[in-house]
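# Analysis of the macromolecular model
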Amino acid sequence: MEIEGKIILDLPEEGGTSRNGNPWRKKSWVLETFGQYPRKVKFDLFGDRINQVHLEAGKSYKVSVDAESREFNGRWYTDLRAYAAQEMGASQMPQSAPAQPFGAAPAQPAAPADPFASTAAPAADPFASNDTDDLPF
């Protein structure tokens, strides 16, 4: 799975020793996706991949991740583990349309005025009583 966005947070590296006595390291980042409704996504790099993949806050990347969920004490947890990242240039970044308020109709270009057109009859009243309405309320 690939996620595109801008790194907005570089979290500190964590590490420790497993139950088997093996050392482990984990580094996490938060990426904000592009688009009209951006999402924040946290992903991790483990072990030697931390040294192989170089990410910087404020830059845009295409990150390849594996998603995995696991159960612990009746609750489910999901991890996104990155295995590759590619920096995106300005030409690769999506061009988003200007944001519109929720529920707003898309802007329509204004039709050119025709000075020779006759005036149209007024539209029917949408709130007038209609006895053929089959709605129960």
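Provided above is the structure to which this section pertains.
The paragraphs below set out a description of the structure included in this document. No experiment lies behind these values; they were computed from the predicted model shown.

## Things to note about the overall build of the protein
The number of helices and strands found in the protein is one helix and six strands. The helix and strand sequence of the protein, counted from the amino end, reads β-β-β-β-α-β-β. Within the protein, the proportion of its 137 residues that are buried is 18%. The long-range fraction of contacts in the protein, counting pairs at least 24 apart against all pairs at least 6 apart in sequence, stands at 47%. Taken as a whole, the protein presents about 11,200 Å² of accessible surface, with 53% of it coming from carbon and sulfur.

## As for the side chain of T33
With respect to the helices, strands and loops of the structure, T33 is situated in strand β3 (residues 23-33). Among the polar contacts made by the side chain of T33, one reaches the main-chain amide nitrogen of R39 at a distance of 2.8 Å. Setting aside anything within four residues of it in sequence, one finds T33 in contact with I3, E4, G5, P38, R39 and V41.

## Considerations on the pattern of salt bridges
Here the structure, examined in full by the defined rule, presents eight salt bridges. Salt-bridge contacts for K59 lead to E56; the nearest nitrogen and oxygen are separated by 3.5 Å. The class of E56 is partly exposed, set by a relative accessible area of 44%. Where K59 meets E87, a salt bridge forms, and the shortest distance between an N and an O atom there is 3.9 Å. Of the two residues, K59 is situated in the loop between α1 (49-52) and β5 (60-72) and E87 in strand β6 (residues 75-87); the sequence distance between them amounts to 28 residues. Each of the salt bridges in this network shares a partner with another, and the network as a whole consists of E56, K59 and E87.

## A closer look at the packing of aromatic side chains
Aromatic rings considered in pairs are described by the distance between their centres and by the relative angle of their planes. Within the structure shown, the criterion is met by one aromatic pair. Taking 6.0 Å as the distance between ring centres and 25° as the angle between the ring planes, the aromatic pair formed by W29 and F43 counts as stacked. Here W29 is found in strand β3, whereas its partner F43 is found in strand β4 (residues 40-46), with 14 residues between them in sequence. Exposure remark for F43: the relative accessible area of 2% places this residue in the buried category. Here the guanidinium or amino end of K27 rests over the ring plane of W29, the centre of that ring lying 5.2 Å away. It is R81 that lies over the ring of F46; its NZ or CZ is 4.3 Å from the centre.

## Some details on the side chain of S28
Relative to the elements of secondary structure, S28 occurs in strand β3. Residue classification places S28 among the buried residues on the basis of a relative accessible area of 2%. At 2.4 Å, the side chain of S28 and the side chain of D44 are in polar contact. With residues up to four places along the chain from it excluded, the contact list for S28 reads D10, L11, K42, F43 and D44.

## A few points about the environment of E71
By secondary structure assignment, the location of E71 is in strand β5. Looking at E71, its side chain comes within polar contact range of the main-chain nitrogen of G74, at 2.5 Å.

## Digging into the pairing of β5
Successive residues of a regular strand alternate their side chains across the two faces of the sheet. Here strand β1 (residues 2-10) pairs with β5 via five bridges, running antiparallel. In the strand pairing of β5, E4 is matched with K62. Where β5 meets β6, 12 bridges bridge the pair, whose relative direction is antiparallel. Paired with E71 across the bridge in β6 is W76.

The rules behind the values
Residues numbered from 1 in each chain as written. Predicted model: local features only at pLDDT ≥ 70, side-chain atom pairs only at ≥ 80, totals over all residues. Heavy atoms only, no water. Helix = DSSP H or I, 4+ residues; strand = E, 2+ residues; numbered from the N terminus. Buried < 20%, exposed > 50% of the residue type's maximum accessible area, 1.4 Å probe, protein only. Contact = heavy atoms within 4.5 Å. Areas by Shrake-Rupley, 256 points an atom, 1.4 Å probe, with all protein chains shown as cover. Polar contact = N/O pair within 3.5 Å; in protein donor to acceptor, adjacent residues only side chain to side chain. Salt bridge = Lys/Arg side-chain N within 4 Å of Asp/Glu carboxyl O. Phe/Tyr/Trp six-rings, centres within 6.5 Å; stacked < 30°, edge-to-face > 60°. Lys NZ or Arg CZ within 6 Å of the ring centre and 35° of its normal. Pairing = 2+ DSSP bridges.

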